[in-house]
Structures are given as C-alpha cells and as structure tokens.
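For reference, the chains in residue letters:
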Amino acid sequence: MLTDVHQHIWPPAFTELLRSRTSPPYLDGWTLHLNGEPPYDVDPADHDLAARTRLAAVDGLDLALVSLSSPLGIEYLPPAEAAPLLDAFHDGALALPAPFGVWASPCLSAPDPEAVDRELRRGCVGLQLPATAVVDAGGWERCAPLLDVLTHHDKPLFVHPGPASATPGAPPWWPALVPYVQQLHASWFAFRAHGRPRHPRLRVCFAALAGLAPLHGERLTARGGGRGEIDFDVFYETSSYGTKAADGLVRAVGIDVVVSGSDRPYAPLVVPDLGAPAAVHALRTANPARLLNGRT
C-alpha cells in the first residue's frame, strides 16, 4: 500500500466558513489572510476534489492522509469559533473518497478528550497537533489528556508546524524556513525530554523530518542530553526535503522510521533516492504501516 501521510484538502463547507470570517484566519475570495504571514493566493484547483483524486492516482497512492492546515491557527480560536470550522473539516474530510484518510484536529483553547475520541471512532487515523502546542513541558502536560485518548485507541500523533509569528520585512518564504523549522526542533526535543516519559507507548510522526532535529544528536550527547538512542516509535515525514536531507536523517536514525509525505498542495511528492528499491518500499509502504498500526 503506497502511502502519503501528509496532504491538505479544504472541504467546500470549511472553505465557505473561512470566507465568512472577517478576522484571521479568513479567505477574501481565494486570498488567505493569517496572522504572522503575508496574504497568500490560493489556487482553487488545489482543493478541487476531482483534481486531487486524479493527482493521487498519478502519484500511485493507495492512501493519502489529509489534515487541517495547522498554520491557520484554528485550533487556538475560542471554542465558539473553532468548533464550526473543526466540524466542517472533519465532516468533509471523512466524506472524501478513496484513497483519502484523515488526521483529526482538536480545539486547544478548550481541549476536549471526548471530542478526540469521537473523531477517532468516526474513522480518523490519529491526531494532529501544531508543533507550537508541544514545544515545552507545559505544552506536553496540557495535551496529555488528548494523547491518553490516542494511546487508548493505539493511534499515532502527527506533529505539524503551527502558526508563525510575524517577522516584519521578512520575505514570503520566511515562515516555512524559519518559524516552522524552529517549532519542529523545539517540539522534537521537548518530546524527548517530556513527552516520551509521560507517553511511553505513543507513536508520533514529525512533519518535515522534524526540521532535521535528529542531526543534532552529537551535540545533544556533548551537552549532556543523552546518547541519542533511536526511538523506533518516532517517525519522520519527508515533505519539502529531498535526497540529501533524507540520506542525512537515515544516517542518524535509520531507514525504519522515515515515512513518505508530500504536503500537497504546497509541495510536490518527492521520493528520495536512497539507492535501493527496498528503501522506497520502506518509506512509502512498510514504515507508514508501522506508524499507523504499530509493530507486529
């Protein structure tokens, strides 16, 4: 089963709710307005269901997992604002045809474990959290009740970049290259220090190779943070990176915990050339299966 663990599609009802808002996040026509990022012109074809289904077929996918775009900041809205958007996303995404599956998203301004339980029972493959929610001990503690639900269902966590802070004068690519990567770094190290001790059985996948945080293993050891042991229940998704970055990460953590993801429609599918068909099978088939279903 060829799998892409990281895509985004906005269902029509979700898009209309964004268009009805007057404060970020909102759509003005097809122009997206966020706090901390410049206005972004969305291509309507990126969220056209028929077009995306054809694209998944071209990519040869048997499973493409879609999630809420955490940089929108919907999870942090007051409950009365977040709930309709989250409901519209979950309802629309769960109604998508094959090969699409869905990561659930929670309201973080009023975390509700029962809501996470409900979406998992409806068919979501696991839970996505913005990296900004788990960058320190307090974040992992606040999210612990949600993660306990995941552990109960034996479902994985997907850590995705969250909202970017405003950086005056920065070029348009700045949020993706600086705040997103910094968030992933912090959340990965915070998971090592605080998340894993609290959740010893949790499977977790970090988007974008965790911003290459595992490559700092030698520095971690030198500074007294441990020997950099490989955690075979922590996975790294490849979106926006290619062969050089994937090869470096494989050298640090091994091939068995790297999974294929594209971040469509914001980036194309790239399959790193790691030198053997077995490596492609690991990234696109075997490792995603272990992420979603656990070790057998």
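The structure we're discussing is the one just above.
In this text the structure is predicted, and so the values were computed from the model without any measurement.

Undergrad: In this structure, what is going on with the sheet that holds strand S11 (residues 258-259)? I would like to understand it.
TA: Strands belonging to one sheet form pairs held by backbone hydrogen bonds; the direction of such a pair is parallel or antiparallel. Strands sit in the order S1-S5-S6-S7-S8-S9-S10-S11 across an open sheet of eight strands; the sheet is parallel. Whereas interior strands pair on both sides, the edge strands pair on one side only; in this sheet they are strand S1 (3-7) and S11. Bridge analysis of strand S5 (residues 63-66) against strand S6 (residues 100-104) gives three bridges, and the strand direction is parallel. By the bridge assignment, Leu65 is partnered in S6 with Gly101.

Undergrad: Where do I start with the side chain of His199 in this structure?
TA: Within the secondary structure, His199 sits in the loop between helix H7 (179-198) and strand S9 (204-206). Residue classification places His199 among the buried positions, given a relative accessible area of 2%. Sequence-distant contacts of His199, that is, excluding residues within four places in its chain, are made with Ala144, Leu147 and Asp148.

Undergrad: Quick question: what am I supposed to make of the pattern of salt bridges here?
TA: Scanning all chains against the criterion turns up eleven salt bridges. As a salt-bridge pair, Asp59 and Arg264 come within 2.9 Å of each other at their nearest N and O atoms. With Asp59 in the loop between helix H2 (49-58) and S5 and Arg264 in the loop between S11 and helix H10 (277-293), this residue pair connects regions lying 205 residues apart in the sequence. Judged by relative accessible area, Asp59 falls into the buried class, the value being 13%. Owing to a relative accessible area of 14%, Arg264 belongs among the buried residues under this scheme. It is possible to trace a salt-bridge network through shared partners that takes in Asp91, Arg118, Glu119 and Arg122.

Undergrad: Which parts of the structure should I look at to understand the packing of helix H1 (residues 12-20) against helix H3 (residues 79-94)?
TA: Two numbers describe a pair of packed helices, the interaxial angle and the distance between the axes. Their axes nearest at 7 Å, the elements H1 and H3 cross at an angle of 155 degrees. It follows from the interaxial angle that H1 and H3 lie roughly antiparallel. Across from Ala13, Phe14, Leu17 and Leu18 in H1, the residues of H3 making contact are Pro84, Leu85, Ala88 and Phe89. Of the residues that constitute the contact of H1 with H3, the class distribution is eight nonpolar, no polar and no charged.

What counts as what
Residues numbered from 1 in each chain as written. Predicted model: local features only at pLDDT ≥ 70, side-chain atom pairs only at ≥ 80, totals over all residues. Heavy atoms only, no water. Pairing = 2+ DSSP bridges. Helix = DSSP H or I, 4+ residues; strand = E, 2+ residues; numbered from the N terminus. Buried < 20%, exposed > 50% of the residue type's maximum accessible area, 1.4 Å probe, protein only. Contact = heavy atoms within 4.5 Å. Salt bridge = Lys/Arg side-chain N within 4 Å of Asp/Glu carboxyl O. Axes fitted to C-alpha atoms, helices over the stretch in contact; angles between N-to-C directions. Parallel < 35°, antiparallel > 145°, perpendicular 65-115°, else oblique. Nonpolar A, V, L, I, M, F, W, Y, C, P; charged D, E, K, R; others polar.

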